[in-house]
Amino acid sequence: MGFCTRCGRQLPEEAYFCPYCGVRTIKGVEAGVSIPVDEWKEAFHKAGQEMEKAFQIAAKEMEAAFKTTRANIRESANRRTVVCPQCGEKNLKDVSFCHNCGKKLHQ
Ligand SMILES: [Zn+2]
Ligand SMILES: [Zn+2]
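Residues numbered from 1 in each chain as written. Chains lettered and ligands numbered in written order. Predicted model: local features only at pLDDT ≥ 70, side-chain atom pairs only at ≥ 80, totals over all residues. Heavy atoms only, no water.

*Asks:* Looking at this model, I keep getting lost on the coordination of the zinc ion (ligand 1). Mind explaining?
*Replies:* Four donors placed tetrahedrally about a metal ideally form angles of 109.5 degrees, and six donors placed octahedrally ideally form angles of 90 or 180 degrees. Taken together, the protein ligands of the zinc ion (ligand 1) are Cys-4 (SG), Cys-7 (SG), Cys-18 (SG) and Cys-21 (SG), with distances of 2.2 to 2.3 Å. Of note is the zinc ion (ligand 1), whose four donor atoms meet at the metal with angles of 106 to 119 degrees in an arrangement that counts as tetrahedral. Donor residues binding the zinc ion (ligand 1) come from one chain and are separated in sequence as C-x2-C-x10-C-x2-C. Taken as a pair, Cys-7 in the segment before α1 (26–31) and Cys-18 in the segment before α1 lie far apart in primary sequence, 11 residues in all. By relative accessible area, which is 34% here, Cys-7 ends up partly exposed. Relative accessible area serves as the criterion here: at 0%, Cys-18 is assigned to the buried category. (Donors = N, O, S within 2.8 Å, 3.2 Å for Na, K, Ca; no water. Tetrahedral: all angles 85-135°; square planar, octahedral: opposite > 155°, others 65-115°. Helix = DSSP H or I, 4+ residues; strand = E, 2+ residues; numbered from the N terminus. Buried < 20%, exposed > 50% of the residue type's maximum accessible area, 1.4 Å probe, protein only.)

The structure is reproduced here in structure tokens:
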């Protein structure tokens, strides 16, 4: 994993050129890759933008999924709560006895 010598951004593992600014990476120099024509620079620049966009979308989706999961967990936790008629302690719905006072819970 390297960083671009011109723009300083993190480079993909196998990058011969920076996808952000189009400069040739050290790896590219070592591999003897010729300096690209302008349309290649443009293509790499676009690829960088697409990657960034895709990453932002993925990050948002992950965040949304995480929120949904948390909401579901909270919801199912509430649904699974049964209040002990003797001591008022909250127990999980699938238990047979109150974990606080030992009273048998009728489900
Ligand atoms: Zn760069
Ligand atoms: Zn109890």
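*Asks:* Would you mind showing me how to read the coordination of the zinc ion (ligand 2) here?
*Replies:* Coordination of the zinc ion (ligand 2) by the protein is provided by Cys-84 (SG), Cys-87 (SG), Cys-98 (SG) and Cys-101 (SG), with metal-donor distances spanning 2.2 to 2.4 Å. Geometry at the zinc ion (ligand 2) is tetrahedral, judged from the four donor atoms that bind it and their angles of 103 to 117 degrees at the metal. Between consecutive donor residues of the zinc ion (ligand 2), the sequence gaps follow C-x2-C-x10-C-x2-C. One end of the pair, Cys-87, is in the loop between β1 (81–83) and β2 (90–92); the other, Cys-101, is in the segment after β2, with 14 residues separating them in the sequence.

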